[in-house]
Amino acid sequence: MCGIAGIVRRHPTGVSVESLGKMAASIRHRGPDGYGFYVGQRVGFAHVRLSIVDIAGGAQPLTNEDGQVVVTYNGEIYNHPELRRELEERGHVFRTRCDTEVLVHGYEEWGVNLLDRLNGQFAFAIYDRNTDTVLIARDRFGVRPLFYAQRKGAFYFGSEIKAILACGEVEASLDRRGIDETFTFWAPRPPRTAFAGIASLEPGTYGILKDGALWLRRYYELDYPEAGEEPADVIEQLDELMLRSVGMRMRADVAVGAYVSGGLDSSITASLAASASPQTLRSFSIAFDDPRFDESDFQREIAGNVGSIHAVAAITHDSIAATFPDVLWHTETPLVRTAPVPMYHLAKLTKDSGIKVVLTGEGADELFLGYDLFKEVSVRRFCLRQPASLGRQRLLDRLYPELMSQGRGGEFWRRFFLEAGSPSDPLFSHLPRFMLSARAREFYAPEFKSGLGEIDVLGELRASLPARYFGWSSLNQAAYLEMTTLLSPYLLSSQGDRMAMAHGVEGRFPFLDHRLFEFAAALPTGSRLRGLREKEILRRWASRILPPRIKQRRKQPYRAPDSPSFFGPNAPEWVGDHLTADSLRRVGVFSPASVDGLVRRCRSGLATGFRENQAIIGVLSTQLLHHQFIERIATHAPLPVRGASVMLSETAPAFT
Amino acid sequence: MQVRTFVQENFLYMHSNFHLADDDRLLDKGVIDSMSIVEMISFVEREFGVHAMEEEISDANFGSLAGIARFVTEKQSALAA
């Protein structure tokens, strides 16, 4: 796992190693173990390395035998041994044991069709000097990031936006629409980002840059060819896929650890990792001092069950507030929740414990319909078939027992769900969440709101849906929306890659093996969500490896304290500084008067609802983003050539 | 009037020119969401000394300012009787 960056010019006017050095320096946290450059007249690549496979021989950028194909790559190709064998049989000569080299030889052999053969999480750029083209590509589900910008005929890319800004040739300004989309979807919808003119390469997509033009094409499409019945050997198939997926993700030349949340999914991955690990597994968890968020009891049980050496990152309100600015520096996008912050602390604990790679349960809720949202859409449809049935409506109460335990819901509360859009709306499943998230927009400054014009973010999402979407069941439609609007742009990014890589830790996600996805997507939805029992088939299968209490446990949404973190007695000074009328006016997104009312409610402890919690986190994060990236972007001294593990130049490619 | 002030100070403070009629549906107008309903019911109970049973938390009783006023009056009358 690493960081990549580069510049591609329209004409051979040169790429300075100093610019590449600055880009690499800005993302050094992704690759503290080494760095390297390729410098040409038209193309320059930078690479910072987190060494995990072939520690001695895996430095980058890397070329093929004659130096005509150059790659800079971030990620893991889990099936690299199998691909290597196939390529060697076809006459390719490998110089390293590293998965990187599979890319250059595979590209020579298969061109862009190589992508169909890769099983992994990756983002890379390949410069083909024979055709004078650059290929950029990203994995199927968007685990690894890749951003790009085009200015005055030049093309810039990087694992993080800050790498593009660091070269000094791309100006930073916030993208109004990217900001606005955050306050509906929780993140800008790719390819849009929070920065104007900087795009995110969409998952499952590649781009070919030739003669100054970028041609984008999708090589992998999500599909849900739902079967009428489960195959007779469904448990055996799932068993084989799970074991294989975890087995491939244990491939590393360093110890692989595991995150344990206390829920079903990470318990499965930790259990399988412990079985496959040659040494005692190291596991890591988040504990909250606030019992409403804490799952320590279950985490300890899992750690004991798998026999791991367990470590805990203890999170308090104060630690969330103290590190929120650092978290924003890494997310590079506004947030509506503080949930990434504990993940940042967890990665630091992992790194400090000497572990560079962790398995997590990410992806299982999307594949096996684990989120409450999936139950919610089923119940809403069920209710709307007989709107007068109170018995049906009472099912909604079972979805959110935390709220109902206060005895404060009733018919009125249920109406919120029942009136949130028509079942004929293709976004029916997500409308309650989208509408609730969009309440933060009520705090916009009038000028910002008018600057947005008549943009209909939901209409744009509806228009972007593929034709096959309309042939899927409502639950599969919901799963698709979850994968495309939340998993990649938010969960795998702000809560995933960015928090882990801030500390040089690589997350691996067995549930996001594409064969496992395809298996789950072809199951009857009833195998995944049976009544109100989520991840049904996964529980059935997991009964052979997990304790009953964990296997039967109802999903607890992962959350962290929001507003109270920033308004306690130890609140850091920056909170007040960024909430002054002057500061808000300078950034121009939120109304000082509205935020004044919001802050008053937060300070009084009255801001307990989603709207105000999302709004205050949105305000603080937008203010911080502007402060850190627009008002005073950090400058980076370039990484010096003399310290590089690899220094390739166009005129004299040298393998070091 | 107390309910209107409460609603304006707590749920409409971010809207400077929001006109809310007595019969406007609070849910339709986006004044409250699923969580703020709880907050509003708690306020009504605390402020007026009434208790809303679960079956009384309905659109008719809490869906508008007029509905809340009617509900409070009826509950207080019942208590006084």
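Owing to the predicted nature of the structure, the values given are computational and were not obtained by experimental measurement.

Observations concerning the overall build of chain A
Line of reasoning, step 1. What chain A contains, in helices and strands, is 29 helices and 20 strands.
Line of reasoning, step 2. Computed over its C-alpha atoms, the radius of gyration of chain A comes to 24 Å, within 12% of the 26 Å expected for a compact globule of 656 residues.
Line of reasoning, step 3. Burial status across chain A gives 55% buried among its 656 residues.

So, the overall build of chain B
Line of reasoning, step 1. Within chain B one finds four helices and zero strands.
Line of reasoning, step 2. Beginning at the N terminus, the succession of helices and strands in chain B can be written as α-α-α-α.
Line of reasoning, step 3. Over its C-alpha atoms chain B spans a radius of gyration of 12 Å, differing by no more than 12% from the 12 Å that the globule rule assigns to 81 residues.
Line of reasoning, step 4. Seen through its C-alpha atoms, chain B measures out along the principal axes to roughly 40 × 20 × 20 Å.
Line of reasoning, step 5. Counting all 81 residues of chain B, 33% fall into the buried class.
Line of reasoning, step 6. Here the contacts in chain B between residues at least 6 apart in sequence split such that 57% fall between residues at least 24 apart.

Looking at the sheet that holds strand S2 (residues 34-39) of chain A
Residues and elements named next belong to chain A.
Line of reasoning, step 1. Strand order across the open sheet formed by seven strands is S10-S8-S9-S1-S3-S2-S20, with mixed pairing between neighbours. Two strands bound the open sheet, and with one partner strand each, they are strand S10 (198-200) and strand S20 (646-649). Direction aside, neighbouring strands of the sheet carry axes that sit 15° apart on average.
Line of reasoning, step 2. As judged from the four bridges shared by S2 and S20, these two strands associate in the parallel manner. Directly across from Phe 37, in S20, lies its bridge partner Met 647.

Brief notes about the domain arrangement of chain A
Residues and elements named next belong to chain A.
Line of reasoning, step 1. Each assigned domain of chain A is listed here: domain 1 (2-221 + 644-649), domain 2 (234-368 + 484-531) and domain 3 (563-631).
Line of reasoning, step 2. The centre of domain 2, based on its C-alpha atoms, is set 30 Å off from the matching centre of domain 3.
Line of reasoning, step 3. Partitioning the side of domain 2 that touches domain 3 into residue classes produces 10 nonpolar, two polar and two charged.

What about the confidence of the model for chain B?
Residue and element names in this part refer to chain B.
Line of reasoning, step 1. On average, residues of chain B score 86 in pLDDT, and 96% of them are at 70 or above.
Line of reasoning, step 2. Mean pLDDT values for the elements of chain B range from 82 in helix H2 (residues 34-48) up to 90 in helix H4 (residues 65-80).
Line of reasoning, step 3. Reported for the predicted complex are a pTM of 0.94 and an ipTM of 0.80.

Remarks on the sheet that holds strand S16 (residues 357-359) of chain A
All names here are of chain A.
Line of reasoning, step 1. Spatial ordering of the open sheet is given by S15-S14-S13-S16-S17, a layout of five strands whose pairing is parallel. Pairing within the sheet leaves two strands with one partner each, and these edge strands are strand S15 (309-315) and strand S17 (506-508). Taken pair by pair, the neighbouring strands of this sheet meet at an average axis angle of 30°, ignoring direction.
Line of reasoning, step 2. Judged from the three bridges that link them, strand S13 (residues 256-259) and S16 form a sheet pairing that is parallel. Bridge assignment links Val 256 to a residue of S16, and that residue is Val 357.

Overview of helix H8 (residues 264-276) of chain A
Line of reasoning, step 1. If you check H8 of chain A, its first and last C-alpha atoms are 19 Å apart, about what 13 residues at 1.5 Å a residue would give, namely 18 Å.
Line of reasoning, step 2. Burial analysis of H8 of chain A places 11 of its 13 residues in the buried class, the great majority of the element.

As for helix H21 (residues 493-501) of chain A
Line of reasoning, step 1. Of all the nine residues making up H21 of chain A, nine are buried; the element is thus mostly covered by neighbouring parts of the structure.
Line of reasoning, step 2. Regarding H21 of chain A, the residues found buried are Ser 493, Ser 494, Gln 495, Gly 496, Asp 497, Arg 498, Met 499, Ala 500 and Met 501 of chain A.

Description of the environment of Val 595 of chain A
Residue and element names in this part refer to chain A.
Line of reasoning, step 1. Summarising the element assignment, Val 595 is placed in helix H28 (residues 592-603).
Line of reasoning, step 2. As a C-alpha pair, Val 595 and Leu 238 span 357 residues in sequence and 50 Å in three-dimensional space.
Line of reasoning, step 3. Aside from chain neighbours lying at most four places away, what touches Val 595 is Phe 443, Leu 579, Leu 584, Phe 590 and Val 619.

Criteria and thresholds
- Residues numbered from 1 in each chain as written.
- Chains lettered and ligands numbered in written order.
- Predicted model: local features only at pLDDT ≥ 70, side-chain atom pairs only at ≥ 80, totals over all residues.
- Helix = DSSP H or I, 4+ residues; strand = E, 2+ residues; numbered from the N terminus.
- Rg over C-alpha atoms; globule rule 2.2 N^0.38 Å.
- Buried ≥ 20, exposed ≤ 12 C-beta atoms within 10 Å, placed from the backbone.
- Contact = placed C-beta atoms within 7 Å.
- Pairing = 2+ DSSP bridges.
- Axes fitted to C-alpha atoms, helices over the stretch in contact; angles between N-to-C directions.
- Domains from an automatic or database assignment.
- Nonpolar A, V, L, I, M, F, W, Y, C, P; charged D, E, K, R; others polar.
- pLDDT = per-residue confidence, 0-100.
- Expected span 1.5 Å × (residues − 1).

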